[in-house]
Structure formats: C-alpha cells, structure tokens
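Residue-level listing of the chains:
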Amino acid sequence: MEDLTGVQYCWNLREMYPEDQQWKEEMEQAVAMAKALAARKGSAAGDAEALLKTARQYEALHKSLSRLSVFAHSNFDQDMSDAAAKELYELASNRYTEIGESLSFLAPELMAYSMEDFLRYAQQQPELKLYQHFAEDFFERKAHVLSDEMEGLMVRMNNLGGSFRKVFNDLTVNDMEFPEVKTPEGETYKADETHYRQALSHSDQSFRKTYYEGLLGTYRKHINTLSSIYYGSVKNDVYSAKSRNYSSARESSLAANHIPEEVYDNLISTVRANTAPLQEYVALRKEKLGLEELYFSDLFVPLVEETDRRYSFEEACDLVKKAVAPLGEDYVQVLERAMKERWIDVAPRENKVSGAYCTGAYGHHPYVLLNFTGTLDDVFTLAHELGHAMHSYYSNQSQPFIYAGYSIFCAEVASTLNEQLLSEYLYNHTASRQEKALLLSKRLDDIRSTFYRQTMFADFEHQTHRWVEAGSPLLPKKLCRLHRELNELYYGSALHVDDILSCEWARIPHFYRAFYMYQYATGISASMSIAKRIIAEGAPAVADYRRFLAAGGSDHPIQLLRIAGVDMATPKPVLDTVSVFADTLKELRTLL
C-alpha cells in the first residue's frame, strides 16, 4: 500500500502563521481594527474621505478575519485531538460573533445615504469607484436593512437560529442509538450514517434493506422531535425573512446572490417534466440487478461490477492533469504546483476530519483536504476539489479582495466541470468494455444524486417553507407524506416507495441551511453545458470558461455564468443535463 505519511502529503499551514502566538496577535489586531471602526459610529460616511476610510477599514478587517478563520478551521481539521488547535477554533468563532455585533450599526448608518450620494463621493474621491458594484448591491437591499438596534438583534437571532442544526446534530450523532445488523458473511455493522455507503453497496439485497430499515427506523422513533426541530428551523427562516421585509424565506435566501426566483422555479418545473430518463434508469437497475422489488436501498449497489484497481496518488494526479489539459498549459502548471507544494492534505489519519473540501484566504494559495485511499471515487474527488482550488486561484490573481469571493451558485461549476473532463478522458482512454460501462454507470449515479435528488430536496423545502408562511404547522405525518409523494413523482413506479422511505427527510442535515441544495443541481447543469461547449468548440469555449474563473465575484452569478456561455435563467442548461443523462443511459444499455 502506498505510503502517504510523509510531510510532502500534508498541508504546510505554518506558511500562514509560523507560531500560534502570531495568530493570536493578529486576532487581537483584528479586534482592535473592529473597535476602531466601531468608534466611527455616526461619522462612517459624512463625506467622501470618511466613506473611503470606512471602506478601507472594513476591507482590511475582513481580509484579516478570512485569513484567521481559514487557519483556525483547517488547523483544527487536520488534528481534531489537538487542544491548542481547538482553542484557536473556538476563539475564532467567539470573536466573529463579537465583531459582528459591534459593527451591526454600520449597515443601517450607511443606508441613510443613497447611490446618488455614493456617485457624488466617487467624483470627489476616485478611489471609491472600486466599490461601485458593491455599493449598487448594497443599496438594492435598502428596504431589507433594519435599524441599528434591530440589526444587533438580528445578529443574535441568527446565532440562535443556528442552534436548530446543532440540536439536530446532537440528537443524530450523540444521542441516537442505532441497531447492529449482520451481513450474510457474519460481519456486524452498526446501522448508522458512518457505514451508509459501504453497507448500501453490499451485494446482498436483504442485508441492504435490513440496514436501511435499521437506520431510518431509528429516525422514525424520533420523528416527533425531528419534526419539531425542523419546524423551528423553518420558522426561524420565515421570521427572519419577514423581519427584513422579504415576501418569503426563499426570496430572502436567493437575494443574497441576486438569483431570480424564476431560476429556482425553472429548475423544479423542468426536472419534474423530465423525470422519464431517471425512471427508465431505475427500471434498468431493477432489471439488471434481477430484483422483484427495487427499494431505495438498492440505488447504491454497483450496477457494473467494480474492478479491484487502486490508484496511487501520483497516478491520480497524472490522470487529472491529462484530463484537464484542454483548459490550458498554464492551468496544468498551477495544478502541478498544488500537487508538489503541499497545497493538498492527502491521506486519512487518526483525528483528521473526514470528507473533502477546498478552502483558502486571499493572498495565500488554496488548500485542499482529501481522505485519499486510491479508489476511482477518490480520483474524481481530487479532480473536484482541485476545480474549486483553481477557481479560487484565478479569482484571487485577477480580482481585488472585495470581488475575489464567488458564490456557492458558481462554486460547484468549476469542481464538477473537472469531473466531466475526467470522465470523458477516462472513457476515451480505455478499451475495456467493463471500464467503459463502469464510467457510464458512475456518471448516471452522480447525475441522479446531484441533479435529480437535490432538485427533489429543493422541491421539498420550498413546499415546507410555503406551508409555514401560510400559517400551517409542520407535523410528522404531513412531512412524511410529502417526502413519499415526491419520491413517487421523481423515481416512478419501478422504485418501491415503502413507509420507511417516507421518513428519509428527517436525516438530511442540509435542510438546516435553507435553499442551499438547489445549487448542487444548477451547478452540475451549468458545468454539463460548459463541458459540452468545450468538447464541441475547443479554444473559444475554453477562453470563455477561463474568463469566468478569473471573474470571481465581480458580477452577479447569473451574469458571470453567461460569460462562460451558460444562461441559467433559461431551461437549456437543465435540459442539457437531462439530455446527457438520457444519452449516457442509452450508451450504457449497449454495453450491458
């Protein structure tokens, strides 16, 4: 087995802060910066010079806080048993809340002015023109910014609202007792979230079904409590939106990124009208697996027998570089830096956080966390997270701090595009019928879970928020019935939707971050359209995509994606994804 324990396979976070004391000193400096800004209450924008000073102080403070936060969180994640790392992590969280409260006056004070005032000031102080796009977005929210006192209250309310997810996590991770189930081979599994994918990939249907019933049966035992937690979370979303003068929680959530509500409605209506390919895939699974009844627990078992092949990290890196080569020689060169200069924390180890992500702070290169074990999925995860890293790298290189950050709506485009290119490369460079079928099957499963399933969840939370906004309580039977009906609508008659599946909504943590999951579906839709253009058109499409990467957050997400040739305000990207799914399914049929 490959040895990935050397320092070259770990982050070098000490590039940011060689000693913890330096981090603590900068945190104190950030607190002092916040106090200095807070001391200017009442005079933050009295004239052009004062506004420029406020803008620069605000920008410098948040640049520092971003760096402090990235280090604290990443340092803790690489060793969660490290008491010193936990101290910095907790300190960062506490200081953020304190600083947020101390500066809650700022938005209401600035809202006393207008865009016309800003433009007049910019004539007097031309350096203010950098902030014009920021100012336009700011004053668009004028009707939704409250008084100084109310803004302070909203900071505390939002902190309290976050408690619903914490209660959910405490209940589901710490307090629930999950049963143990045995495989036909006599191996014992706890039917919990930790073993979810492993258990549902087992070859024995009876075991998969028993495992899934044990998992969801545990949630069903707590369904009243879980319903109350979710109801409280949705009420918090609704009340916060109403407090800020939005017509709905969804409008409030989407307004943060200037996403028209039509984009959300278009996604749901277009997918609802095009569930036929998904239902055909479910029917194909049932047929090829030779099952009399297909349950949800059967959707993860490989349709195509996986090979025992394991990839070394060096092999994985080489494959990713070759796959994304169409994006440019300089793109590949930056990837090589990431692989050689300790931008990536590669392997799993004791006390390291699970999963994978990309993070980073302005002025520093991105950091990618993996738990690489050599599977094909791990190779795709490497491509995915490096997509995020390259988006951040080019954005930070091209944009000032204030416009370098990009929205989640755009974030999943760069990551999933890399996955599309990797899939295409692997498919075109294997003569093995089995490997081709495996790649096609993986593509179908990815689209099912990222596109169809996340749209179904977006459908669910839209309806639950509308019920609460209409004054209707969220009761267990009502929530379970809705989830059952949506599964029947999306998956069709080939999937046996039993009573236990109706409780599945209760295990989804993303519901505690309202109107977030639809962006997985829009992200993969956009990347599918861009990949299709790159493959068909070559250099012109690549140039447009590279402009998108470099644009960061310099415009609204819908406009930024138009740079890359994708209009998410139309059904086309969603229909493109449906088309890719249908074509992939047709191709897979010929290989099975």
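Only a predicted model underlies this, so the values are computations on that prediction, with no experimental measurement involved.

A. Up close: the overall build of the chain. Of the regular secondary structure elements, the chain holds 25 helices and five strands. Taking 25 Å as the expected radius of gyration for a compact globule of 592 residues, we find that the chain reaches 25 Å, a close match to that expectation. Considering only C-alpha atoms, the chain reaches an extent of 75 × 55 × 50 Å along its principal axes. Considering the chain as a whole, with its 592 residues, one finds that 55% of them fall into the buried category. Considering only contacts in the chain between residues 6 or more positions apart, those separated by 24 or more positions represent 75%.

B. Structural context of the packing of aromatic side chains. Overall, the coordinates contain 36 aromatic pairs when judged by the stated rule. Ring geometry for Trp 11 and Tyr 367: centres 6.0 Å apart, planes at 80°, overall edge-to-face. A residue pair is termed long-range when its members are at least 10 positions apart, and Trp 11 in the segment before helix 1 (20-38) and Tyr 367 in strand 5 (residues 367-369) qualify at 356 residues. Exposure remark for Trp 11: the relative accessible area of 4% places this residue in the buried category. Under the relative-accessibility criterion, Tyr 367 is labelled buried at 1%. An aromatic cluster is defined as three or more aromatic residues linked by ring pairs; in this entry it consists of Phe 168, Tyr 230, Phe 457, Phe 460, Trp 505, Phe 511 and Tyr 512. Over the ring of Tyr 295 we find Lys 209, and its NZ or CZ is 4.8 Å from the ring centre. Cation over ring: Arg 448 sits above Phe 300, and NZ or CZ is 5.3 Å from the ring centre.

C. Up close: helix 8 (residues 163-175). When we look at burial in helix 8, the residues that qualify are Phe 168, Leu 171 and Thr 172. Along the axis of helix 8, the buried positions cluster into a sector of 80°, meaning they face one direction only. Of the exposed residues in helix 8, the ones pointing more than 90 degrees away from its buried face are Lys 166, Val 173, Asn 174 and Asp 175. Looking at the packing, one finds that the buried side of helix 8 touches helix 10 (205-221) and helix 11 (223-243).

D. The arrangement of the packing of helix 20 (residues 433-469) against helix 21 (residues 476-491) in detail. Packing of helix 20 against helix 21 leaves a shortest axis separation of 11 Å and a crossing angle of 145°. Pair helix 20 / helix 21 crosses with right-handed handedness. Taking contact as the criterion, the partners of Arg 448, Tyr 452, Arg 453, Thr 455, Met 456, Phe 457, Asp 459, Phe 460, Gln 463, Thr 464 and Trp 467 in helix 20 are, on helix 21, Lys 478, Leu 479, Leu 482, His 483, Leu 486, Asn 487, Tyr 490 and Tyr 491. Of the residues contributing to the contact of helix 20 with helix 21, the split by class is ten nonpolar, five polar and four charged.

E. Representation of the sheet that holds strand 5 in the model. One open sheet holds the three strands; their spatial order is 3-5-4, and the pairing between them is mixed. Either end of the sheet is taken by a strand with one partner, and the two such strands are strand 3 (344-345) and strand 4 (357-359). Helix-sheet contacts for helix 17 (residues 376-398) involve strand 3, strand 4 and strand 5, and the interaxial angle to strand 4 is about 20°.

F. Just empty space enclosed by the protein, in detail. Scanning all chains against the criterion turns up one cavity of 30 Å³ or more. Estimates place the volume of the largest cavity at around 40 Å³. Contributing to the lining of the largest cavity are Lys 209, Tyr 212, Glu 213, Tyr 295, Phe 296, Ser 297, Asp 498 and Ile 500. Per-class residue counts for the lining of the largest cavity are four nonpolar, one polar and three charged.

Thresholds, definitions, all that
Residues numbered from 1 in each chain as written. Predicted model: local features only at pLDDT ≥ 70, side-chain atom pairs only at ≥ 80, totals over all residues. Heavy atoms only, no water. Helix = DSSP H or I, 4+ residues; strand = E, 2+ residues; numbered from the N terminus. Rg over C-alpha atoms; globule rule 2.2 N^0.38 Å. Buried < 20%, exposed > 50% of the residue type's maximum accessible area, 1.4 Å probe, protein only. Contact = heavy atoms within 4.5 Å. Phe/Tyr/Trp six-rings, centres within 6.5 Å; stacked < 30°, edge-to-face > 60°. Lys NZ or Arg CZ within 6 Å of the ring centre and 35° of its normal. Arc of directions from axis to C-beta. Axes fitted to C-alpha atoms, helices over the stretch in contact; angles between N-to-C directions. Left-handed = near helix turned anticlockwise from the far one by under 90°. Nonpolar A, V, L, I, M, F, W, Y, C, P; charged D, E, K, R; others polar. Pairing = 2+ DSSP bridges. 1 Å grid on protein atoms, 1.4 Å probe; cavity = no way out; pocket = protein on both sides within 12 Å on 5 of 7 lines; lining within 4 Å. Points joined across faces, edges and corners; volume = space filled by probe spheres on them.

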